[in-house]
Amino acid sequence: MKIRANYHPLCLAILAGLSAQTWADDLSQDSATTSAEQTSNATSSDVTSSGADDTITVYGRALSVYRAQQASLATKTATDIDDTPQSIQVLPQQLIEDQGARQVTDLYRSISGVSQYSYSGVTFRGFREDEILYDGVRGDPFNGFAIPQLFNIEQVEVLKGPSSAIGGSGEPGGVINYTTKKPTYDTERKVSVTGGNQDFVSGSVELSGPVNDDATQRYRVGIYQDHENPSRDNTDVRNRIIDLGYAWDITDATTVTTQFTDIIQHYGGARLRGIPTDEDGNFLTDIDWNANSSSDYQDLEARVYQIHVDHVFNDWLSGNVTARYYENKETQKYHEPVGFTDTDGDGVVDWSERQYRDQVRQNKAGSLTANLIADLGAHTLLFGADYYRVDQDYVYYRAKTADGVSGISLTDPDYSDDVSSYNLKLTKQTSSRSDRFGAYVQDQWDITDKWNVLSGLRVDTFDDQVNDIVNDTVSSYNGSGLSYRLGSTYKINQNLHPYAVVATGFVPQDAADQADANGGPFDPEESLMYETGLRSYWFDNALNINIAAYHIIKENILQTDPDDSDRLVAYGKVRSQGVEVDILADLTENWTANLSYAYNDTRVKKAYDGITNAVGTRFSNAPHNQLGAWTRYDINALNSSMGFGADYVSEQYNRSGSIVKSYVVYDASWQTHWQQWQFQLNVKNLFNKEYAVSGFTDNTGHFPGEKRRIYLTASYNF
């Protein structure tokens, strides 16, 4: 089906609206938090019915506020996390709100095994990961160099390890899924205004609730706008999001949800690169320095359309279908640093050579996912299939020094380059199409009340084609992949819930590398993971400790052929292993803590001529140790709460082998309620530390962390 977006999108979202999915609402019911005022006055425990024998489990405050009890990302069914034989984390709305998180990069501290790579890309158990899911399906409108925003996100789910057996091709480190906000059965109306340093100001309106008396039809309207002038020279940022949804319970058995999201994101002074450093990771100039001139920018325009249909056939059979489509256009006009030099011979780098790059990427992508779920007593069977297509047009013009591009000083930069005088040359122009189709089956078998086994098998086909317009060549590749997962959980008692799993994954090689001249076609990258873990509960469920240990092998990584530098070989092999520990605890009746620690060691085990992203035997931007902490103390007498957080990342390396130094930064928050008002103060990088979150190459520098940010938010619920 071809979808054409030549109509007014706001009218489409309102007129096409059909109903909120009760299935998705059921999945998020346990994890959805109450309103901020209700949360502040909540009792110190939560009661949940658990297991076939309807055992009543009483959870402490930390587990009630900061932990979901169910998630669907790992299995595509409503499954208790304790019954999921794979590491999974869910960051609920209350944690997002308490930390004042506006975009995904604000949340990495709360995800063990995840650190920032560049832009929205992350290092996930040692492997770089760029793909993001929305409501469990493909279709990320921020793909590329834009930063995903959290305004319309209800919670963030993170599945560790390969997800190919259920979701298709993907990196072996894991995947992040955003659960979007849906129309609600209860009326929820909220207006928020935020102000902060660096000229930050934002405003939002969110309206949701029933349209008719029996709430069989519901709506959501969300509008968000912000603007800021961050500390990096020339930079200004604007985000605007319009998020609409309409829901209709057509019958007691059928529910439909439609959603529309319109996104505009502007980054002045971008695509933003890093700050030059020496080999020991020391900045060589002020961290406000920017290689981009004042006229440079990166813009994103995107529209997303989604419809979900959920139907219950009878008391044991149900099904759902999700269709998602997006169009986006990302325009980048920026100066790229290509080398730092010492112009006066004093031994100190003081100048950056530059290129100018004019790039436009346009994407049109659609996915269709269908699932059939059979609840057969001891067995829950899942049968599903999905299809995903993305078309991308890419145009790249470039000018070098010989074409009129000047360099820029590190100490006294002049940002007034006349871009119109550059002699731009067409460097690359491609038109590509990628098709993915997969079919899968899964069985969740409750052997006893305490012991269950999860098994799944998936078959994928893929077909990629790249039309290189500049060189007048067409590269194409098609193939298939088989993925499986076998895992088990066992409840020794109420305190100890161990699990173990073995899972495989794959990633097709880039179509541009598949040409016969390169030595192709090549088999996909393949991965195999062994993971074992223990979920434990102590002191009447006031303390929850989760431990996971994993061993991952990734093979068939493309390398330069040592006997022919013009050809490639699928030879590379990488091993990643580590341990993750996540702790949720009630320190006192009103004091909760959330701690995430990860140790990872990722090594190149086989290579001819080095592996992309590798430095010697270690991967770049893959720290050995990470520790993230967040604690909240409720002051009931003042109807308020205060929070404090810390984020530690150990030493790592950029892709050129230079050190990215370890760092610790601290955050704090204050939240108070008065009648229908909520006031919140967030301070990020409390002590204004200068640090780098990651590195890329020596030519582009290290990516600096934000300076101290202060935000004050006033919200009114009515």
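Everything discussed here concerns the structure shown above.
Throughout, a residue's number is its position along its own chain's written sequence, starting from 1. pLDDT decides what is reported in this predicted model: residues at 70 or higher carry local features, side-chain atom pairs at 80 or more are listed and counted, and totals for whole chains, interfaces and linings draw on all residues regardless. Excluded from the side-chain calculation are hydrogens and water; included are all heavy atoms of the structure.

Draft legend 1. A look at the overall build of the chain. Put simply, DSSP marks the helices as runs of H or I at least four residues long and the strands as runs of E at least two long, and each gets a number from the N terminus on. Tallying secondary structure elements over the chain gives six helices and 40 strands in all. Across the 718 residues of the chain, 56% fall into the buried class. Looking at the chain alone, contacts between residues at least 24 apart form 67% of all its contacts between residues at least 6 apart. In this description, accessible areas are obtained by the Shrake-Rupley approach with a 1.4 Å probe, and a residue is regarded as covered only by the protein chains that are shown. When the accessible surface of the chain is summed, it comes to about 29100 Å², and 52% of that surface belongs to carbon and sulfur atoms. Exposed residues in this analysis have more than 50% of their type's maximum accessible area, buried residues have under 20%, and partly exposed residues fall in between, with area computed by a 1.4 Å probe over protein chains only. By the convention used here, residues are in contact when the closest approach between their heavy atoms is within 4.5 Å.

Draft legend 2. Molecular detail of the environment of N636. Tracing the sequence through the fold places N636 in the loop between β32 (625–635) and β33 (640–649). It is 8.2 Å that separates the C-alpha atoms of N636 and N590, two residues lying 46 residues apart in sequence. Polar contacts here mean pairs of N or O atoms no more than 3.5 Å apart (in protein, one a potential hydrogen donor and the other a potential acceptor; neighbouring residues in sequence count only if both atoms are side-chain atoms). One polar contact links N636 to N590, side chain to side chain, over a distance of 3.1 Å.

Draft legend 3. How the structure looks around the packing of aromatic side chains. Geometry of aromatic contacts follows a simple scheme: Phe, Tyr and Trp rings, the Trp one being its six-membered ring, pair when their centres are within 6.5 Å, and the pair is stacked under 30 degrees between planes, edge-to-face over 60, tilted otherwise. Evaluation of the coordinates by the stated rule reveals 20 aromatic pairs. Note on F462 and Y477: the rings are 5.9 Å apart at their centroids and 45° apart in plane angle, and the pair reads as tilted. Of the two residues, F462 is situated in strand β23 (residues 451–468) and Y477 in strand β24 (residues 473–490); the sequence distance between them amounts to 15 residues. Across this residue pair, the class does not change: F462 and Y477 are buried. Through pairs of rings, three or more aromatic residues link up here, namely W677, F679, Y716 and F718.

Draft legend 4. The arrangement of the pairing of strand β7 (residues 121–124) in detail. Here β7 shows a buried face lined by G121 and T123 and a second buried face lined by V122 and F124. By the convention used here, strands pair only if DSSP detects at least 2 bridges between them. Both strand β6 (residues 114–118) and β7 contribute to a ladder of four bridges, which runs antiparallel. The partner of S118 across the bridge, within β7, is G121. Linking β6 back to β7 in an antiparallel pair, the connection comprises two residues, with Y119 at a positive phi of about 55°.

Draft legend 5. Region of the structure containing the pairing of strand β20 (residues 379–399). Here strand β19 (residues 351–376) pairs with β20 via 21 bridges, running antiparallel. Counted as the bridge partner of N371 is G384 from β20. Counted along the chain from β19 to the antiparallel partner β20, the turn is two residues long, and its residue G377 has a positive phi close to 75°.

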